[in-house]
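Below, each chain spelled out in residue letters.
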Amino acid sequence: MIKLEKLIFEYSQPGRKGYTLPKLDVPEVKPADSIPNEYLRQDNTLPELSEVDVMRHFIHLSILNHHVDKGFYPLGSCTMKYNPKVNEDASRFDGLANLHPLQPIETVQGALQLIYELGQYLIEIAGLDAISLQPAAGAQGELTGIMMVRKYFERKGEKRTKVLIPDSSHGTNPASVTLSGYESVEIKSNSQGLIDLTALDQATDETVACLMLTNPNTLGLFEKEVLKIAELMHNKGALLYLDGANLNSYLGFHRPGAVGFDLVHFNLHKTFSTPHGGGGPGAGPIGVKKILEPFLPVPVVKKDKNNYYFDYNRPDTIGKIQAFYGNFNVFIKAYTYIRMQGAQGLKEVSQCAVINANYIKKKLEKYYDLPYQETCLHECVLSSTSLKQYGVRTLDVAKRLLDFGVHAPTIYFPLIVPEALMIEPTETESKDSLDEFINLMIRIAQEAKDNPQILKNAPNNTPVRRLDEARASRELDVAYKPQTE
Ligand SMILES: *Cc1c(COP(=O)(O)O)cnc(C)c1O
């Protein structure tokens, strides 16, 4: 059993110090004798500890949470791949890390070049014409994109009120649509887990501004009829948006711009290995076709011969959506990743991501339910419906995995699969770690029959046991209470 970590103040011992100094050979001056009273802290509340006390406290805290440097993290849709440490090294170069966003433009040419070139790589990867790297997350990229769609129809003098969204889509899609003042209309999936073309056709008319599609969709399945879908939308004057969160599955194999997508958001913190989780910064660039370029947020980074500059002179822009130019530090890491991989390396990333997901799917389909038989791309969706007869639910399976130091897959999403387990291993896992996970999942399926109680009680050996999540969100109480043994 891992012990919960105490507050650093509770380790404090009067007089304990993190240093030893030689004996004084000059008269001692007390702080009160040399520092004016108003600057002295009267309440002596700093903890008194040795260096090793401090080190152990923070190291212990750092390992209580699960993270990708500690173990397998197959959280579907989130692409929790290992983040190469060379990205961190590059982002800490003095000349990049110590820039100030208000420096004169001629002193930050290298930074602008990096932003510009990263934008060009993303445009090339997705087959688009122009881009803004400003949005700080995929969700903000969506909002920015839909605001541009809105402005596009405003400029055309067309009044459109709806945005179509498949029922398998991520929750941020309808949220972005609603925030931009559109009505979101849900489109049903068919029995193969793909968008139902008849339903789409019926829903599409001159009041529809666009369809927001995720491809491969959140079931990990490729929307094979994407050309037909694009034609259907464009015939009605509507646009086609790609939620590019699943880009990790086809880098270098498929270019969304080439099959009719008009705008695409990227998640640099997923596909391009800048760390995420824990609320850290991300980046959700939005790339567009020519027809949407005038509406990009200001400023746009431009190149004129060998000079880079911020272009603010854009009369049709939707305006500003981020402070300065977004999360520059994240761009450095994504840029480093792309340069380290090269074109061939990026292709291999996707190949391995897809092979890994299909390996897990194939190995587990005898033990869990498989709602859709199709070969998947970078993630597979299973279900634990057949464990229900033993009183076991997907939540119990997920909690049991924590006992073995593995992060749980995404559960109960996509919403159209009951008892869903959405598993995205990513390309950075070896066959050994996949096998270890597969064996654990098989063991858990067996435990459901033999000893369901161990699953109902799980997690059994984590610092915090199963939480009452509903109560935790209704009665928020973050006060620290020392544990009584
Ligand atoms: C992660 C994700 C998003 C949202 O991206 P954030 O960067 O988390 O805001 C949108 N759609 C899908 C399919 C996702 O997986």
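About the criteria used
- Residues numbered from 1 in each chain as written.
- Predicted model: local features only at pLDDT ≥ 70, side-chain atom pairs only at ≥ 80, totals over all residues.
- Heavy atoms only, no water.
- Domains from an automatic or database assignment.
- Contact = heavy atoms within 4.5 Å.
- Buried area = accessible area lost by both parts, 1.4 Å probe.
- Salt bridge = Lys/Arg side-chain N within 4 Å of Asp/Glu carboxyl O.
- Polar contact = N/O pair within 3.5 Å; in protein donor to acceptor, adjacent residues only side chain to side chain.
- Nonpolar A, V, L, I, M, F, W, Y, C, P; charged D, E, K, R; others polar.
- Helix = DSSP H or I, 4+ residues; strand = E, 2+ residues; numbered from the N terminus.
- Buried < 20%, exposed > 50% of the residue type's maximum accessible area, 1.4 Å probe, protein only.
- Pairing = 2+ DSSP bridges.
- Axes fitted to C-alpha atoms, helices over the stretch in contact; angles between N-to-C directions.
- 1 Å grid on protein atoms, 1.4 Å probe; cavity = no way out; pocket = protein on both sides within 12 Å on 5 of 7 lines; lining within 4 Å.
- Points joined across faces, edges and corners; volume = space filled by probe spheres on them.
- Core = buried A, V, L, I, M, F, W, Y, C linked by side-chain atoms within 4.5 Å.
- Disulfide = S-S within 2.5 Å.
- Patch = residues over 30% accessible without salt bridge, like charges linked within 9 Å, V, L, I, M, F, W, Y side chains within 5 Å.
- Areas by Shrake-Rupley, 256 points an atom, 1.4 Å probe, with all protein chains shown as cover.
- Near = heavy atom within 4 Å.

Describing the domain arrangement of the protein
(1) Moving on: Domain annotation of the protein identifies domain 1 (8-64), domain 2 (85-340) and domain 3 (350-473).
(2) Moving on: Computed from C-alpha atoms alone, the centre-to-centre distance between domain 2 and domain 3 is 31 Å.
(3) Moving on: Facing the 25 residues of domain 2 at the interface are 18 residues of domain 3.
(4) Moving on: Here domain 2 meets domain 3 over a buried area of about 1,600 Å², counting both sides, of which 62% is carbon and sulfur.
(5) Moving on: Remark: the boundary between domain 2 and domain 3 carries one salt bridge.
(6) Moving on: Linking domain 2 with domain 3 are seven residue pairs in polar contact (both at pLDDT 80 or more), by the criterion used here.
(7) Moving on: For the side of domain 2 that touches domain 3, the class distribution of residues is nine nonpolar, 14 polar and two charged.

Structural notes on the environment of Gln134
(1) Moving on: In this structure, Gln134 sits in the loop between strand 1 (130-132) and helix 6 (138-156).
(2) Moving on: By relative accessible area, which is 0% here, Gln134 ends up buried.
(3) Moving on: The spacing of Gln134 and Gly319 is 185 residues in sequence and 12 Å in space, taken between C-alpha atoms.
(4) Moving on: Discounting residues that sit within four places of it in the chain, Gln134 has contacts with Pro297, Val298, Pro299, Lys320, Ile321, Gln322, Phe324, Tyr325 and Gly326.

Some words on the sheet that holds strand 6 (residues 263-265)
Sheets are built from strands that pair by backbone hydrogen bonding, the pairs being arranged parallel or antiparallel.
(1) Moving on: Ordered in space as 1-7-6-5-4-2-3, the seven strands form an open sheet in which the pairing is mixed. In the strand order of this sheet, the two ends are held by strand 1 and strand 3 (183-187), each with one partner. Pairwise comparison of adjacent strand axes, ignoring direction, gives a mean angle of 20 degrees for this sheet.
(2) Moving on: The pairing of strand 2 (residues 162-166) with strand 3 spans five bridges and is parallel. Among the inter-strand pairings, Val163 is bridged to a residue of strand 3, identified as Ser184.
(3) Moving on: Of the strands in this sheet, strand 4 (208-214), strand 5 (239-243), strand 6 and strand 7 (286-288) touch helix 6, which is tilted by about 175 degrees from strand 5.

A word on empty space enclosed by the protein
(1) Moving on: Enumeration over the complete set of coordinates arrives at two cavities of 30 Å³ or more.
(2) Moving on: Lining the largest cavity are Leu219, Leu221, Lys361, Leu370, Pro371, Tyr372, Glu374, Cys376, Cys380 and Val381.
(3) Moving on: Its volume calculated, the second largest cavity comes out at about 30 Å³.
(4) Moving on: Forming the boundary of the second largest cavity are Ser77, His170, Thr214, Thr218, Asp243, Ala245, Asn246 and Lys270.
(5) Moving on: Considered class by class, the residues forming the lining of the second largest cavity number one nonpolar, five polar and two charged.

Looking at the layout of surface pockets
(1) Moving on: The space that makes up the second largest pocket amounts to roughly 760 Å³.
(2) Moving on: Contributing to the lining of the second largest pocket are 30 residues, with Leu64, Asn65, His66, Leu402 and Thr462 lying nearest its centre.
(3) Moving on: For the lining of the second largest pocket, the secondary structure elements donating two or more residues are helix 2 (51-64) and helix 12 (394-402).
(4) Moving on: Of the residues forming the lining of the second largest pocket, the biggest block, four residues, is contributed by helix 12.
(5) Moving on: A breakdown of the residues in the lining of the second largest pocket according to their chemical character gives 18 nonpolar, six polar and six charged.

Things to note about the sheet that holds strand 10 (residues 380-383)
(1) Moving on: Spatially, 10-12-11 is the arrangement adopted by the three strands of the open sheet, whose pairing is antiparallel. Two strands lie at the open edges of the sheet, namely strand 10 and strand 11 (410-411), each paired on one side alone.
(2) Moving on: In this structure, strand 11 lies alongside strand 12 (residues 420-423), joined through two bridges in antiparallel fashion. Bridge pairing links Ile411 to Leu421 in strand 12.

Looking at the nonpolar core
As a rule of thumb, nonpolar side chains are buried together in soluble globular proteins.
(1) Moving on: Ranked by internal contacts, the top residues of the largest apolar core, which has 53 residues, are Leu268, Phe272 and Phe331.
(2) Moving on: Top contributing element to this core by residue count: helix 11 (residues 328-364), with 10 residues.
(3) Moving on: Contact partners of Phe331, with chain neighbours within four places excluded, come to Leu114, Ile115, Leu118, Leu133, Leu268, Ala283, Tyr325 and Gly326.
(4) Moving on: Core analysis: the second largest hydrophobic core is formed by 34 residues, Leu219, Ile360, Leu387 and Met422 among them.

A closer look at the state of the cysteines
(1) Moving on: For the coordinates displayed, the defined rule picks out zero disulfides.
(2) Moving on: Summary of cysteine pairing: Cys78 is not part of a disulfide, and the nearest cysteine sulfur, belonging to Cys380, is at 15 Å.
(3) Moving on: For Cys78, a relative accessible area of 23% corresponds to the partly exposed category.
(4) Moving on: Cysteine Cys376 shares no disulfide, and the gap to the nearest cysteine sulfur, in Cys380, comes to 5.1 Å.

Quick look at the environment of Glu10
(1) Moving on: With respect to the helices and strands, the residue Glu10 is situated in the segment before helix 1 (31-34).
(2) Moving on: Classification of Glu10 as partly exposed rests on a relative accessible area of 32%.
(3) Moving on: When the C-alpha positions of Glu10 and Glu48 are compared, they lie 9.8 Å apart, and in sequence the two are 38 residues distant.

Details of a nonpolar patch on the surface
(1) Moving on: There is a patch of nonpolar side chains on the surface, built from Leu4, Val464 and Leu467 and spanning about 250 Å² of accessible area.
(2) Moving on: Tracing the sequence through the fold places Leu4 in the segment before helix 1.
(3) Moving on: The partly exposed category is assigned to Leu4, whose relative accessible area is 34%.

Some points on the site of the ligand
(1) Moving on: Taken together, 13 residues surround the ligand, and among them Ser77, Gly138, Asp243, His269 and Lys270 come closest.
(2) Moving on: The contact in question runs from an oxygen atom of the ligand to an N or O atom on the backbone of Ala139, over 2.8 Å.
(3) Moving on: Across the complex, the protein chains shield 88% of the 380 Å² of accessible surface that the ligand would expose by itself.
(4) Moving on: Those elements that place two or more of their residues in the shell around the ligand are helix 6 and helix 10 (268-271).
(5) Moving on: With three residues, helix 6 is the largest single contributor of residues to the shell around the ligand.
(6) Moving on: When its residues are assigned to classes, the shell around the ligand shows three nonpolar, seven polar and three charged.

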